[in-house]
Structures are given as C-alpha cells and as structure tokens.
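# Residue-level structure breakdown
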Amino acid sequence: MEKEFYEDLCKKALKAREMSYCPYSDFAVGAALASDDGSVYTGCNIENAAFTPGNCAERTAFFKAVSEGKRKFLAIAIAGGRKGAKVPLDECPPCGVCRQVMMEFCDPKTFEIVLARSEHDYRICLLGDLLPLGFGPGNIS
Ligand code: THU
C-alpha cells in the first residue's frame, strides 16, 4: 500500500487514542482498522472497575466493524502509551487475545499490523509473524 494509506491509518489511531477510557491503567490506546472496501473503523481501550470486562482498542475496532457487516480487512494501526504522552510514542504491540481475534477474520500472510509511534513513524508487521502457527477458522473446518 501507499505511504498515504499508512499515514492516514496512524493518524486515525492516534485520534482514537484520545477517546480512551483508562482510569485504572492510565495507558491509552487507539486503533484504526482498514476494511477492504475503503472504510476505516476506529476503537479505543475501554476499562472497567471490575477489571476483566475491559476491552482493548483493537478489539473495539474489530467488533465495531464486524457488527456493521465488514468481514475483510487489510490492516490495523495501533497507537498506545501513557495517557497524555506526546508523540513519538513507544510501539504498542497487540496483546495475544487481540491477535487471536485478528486471526478469525484476517489472512495471517497478508494482514498488516502497523505499530504507530507517530503519523510518520511506524513499523509494519504481518499477523503471521506476530502469531506464528496461529489457530484459525481453517483448523476446525
Ligand atoms: N491495551 C490495548 O488496548 N491494546 C493493546 O495493544 C495493549 C493493551 C489496553 C488494555 C488496558 O486497557 C491497557 O491498555 C493497559 O494494558
């Protein structure tokens, strides 16, 4: 994909990060998920006083998209760091649960995970490299 595609996705992830509800960890994360039809779904982490009901930014984005009928995705940008931290942030790699959710809907050989430090500073990884030998829908068909 073009540089503009990744920069736009990083920008949207950084913007979504501003919506993070993270009073317990003070760690704010935003994500922007690109569907194959050109639409982008954003998400933030949403914590909870009971702790376990909290949701990561990546899964918020996925669940928003899937709940609106999207099933095919190209890439997700993730931006995370201490609440109020300025760019460039440190990289925020997705947790194992989020990698597994990605595995349900994305081809591990092509789906790109963009670790955003700023709009212009990012690293692109493949889902298959971050979740080697992942268990997916093909394994139970
Ligand atoms: N978190 C995310 O939203 N995405 C990640 O990739 C890593 C962690 C959230 C979960 C929790 O609300 C906070 O960051 C601290 O772990």
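Computed from a predicted model, the values in this text were never measured in an experiment.

Here is what the cut-offs are and how they apply
Residues numbered from 1 in each chain as written. Predicted model: local features only at pLDDT ≥ 70, side-chain atom pairs only at ≥ 80, totals over all residues. Heavy atoms only, no water. Patch = residues over 30% accessible without salt bridge, like charges linked within 9 Å, V, L, I, M, F, W, Y side chains within 5 Å. Areas by Shrake-Rupley, 256 points an atom, 1.4 Å probe, with all protein chains shown as cover. Salt bridge = Lys/Arg side-chain N within 4 Å of Asp/Glu carboxyl O. Helix = DSSP H or I, 4+ residues; strand = E, 2+ residues; numbered from the N terminus. Buried < 20%, exposed > 50% of the residue type's maximum accessible area, 1.4 Å probe, protein only. Pairing = 2+ DSSP bridges.

Once that is clear, we can look at a nonpolar patch on the surface. On the surface, Tyr 21, Tyr 24, Ile 46 and Phe 51 cluster together into a nonpolar patch covering about 440 Å² of accessible area. Checked against the element boundaries, Phe 51 lands in the loop between β2 (40-44) and α2 (57-67).

A few words on the pairing of strand β1 (residues 27-35). Extensive coverage of β1 is indicated by the burial of eight of its nine residues. The pairing of β1 with strand β3 (residues 73-82) spans nine bridges and is classified as antiparallel. Its bridge partner being in β3, Ser 35 is matched across the sheet by Phe 73. In terms of strand pairing, β1 meets β2 through five bridges, oriented antiparallel. Residue Ala 34 lies in a different strand from β2, and its bridge partner there is Val 40. Following β1, the chain reverses through four residues before pairing antiparallel with β2; Gly 38 in that reversal takes a positive phi of roughly 95°.

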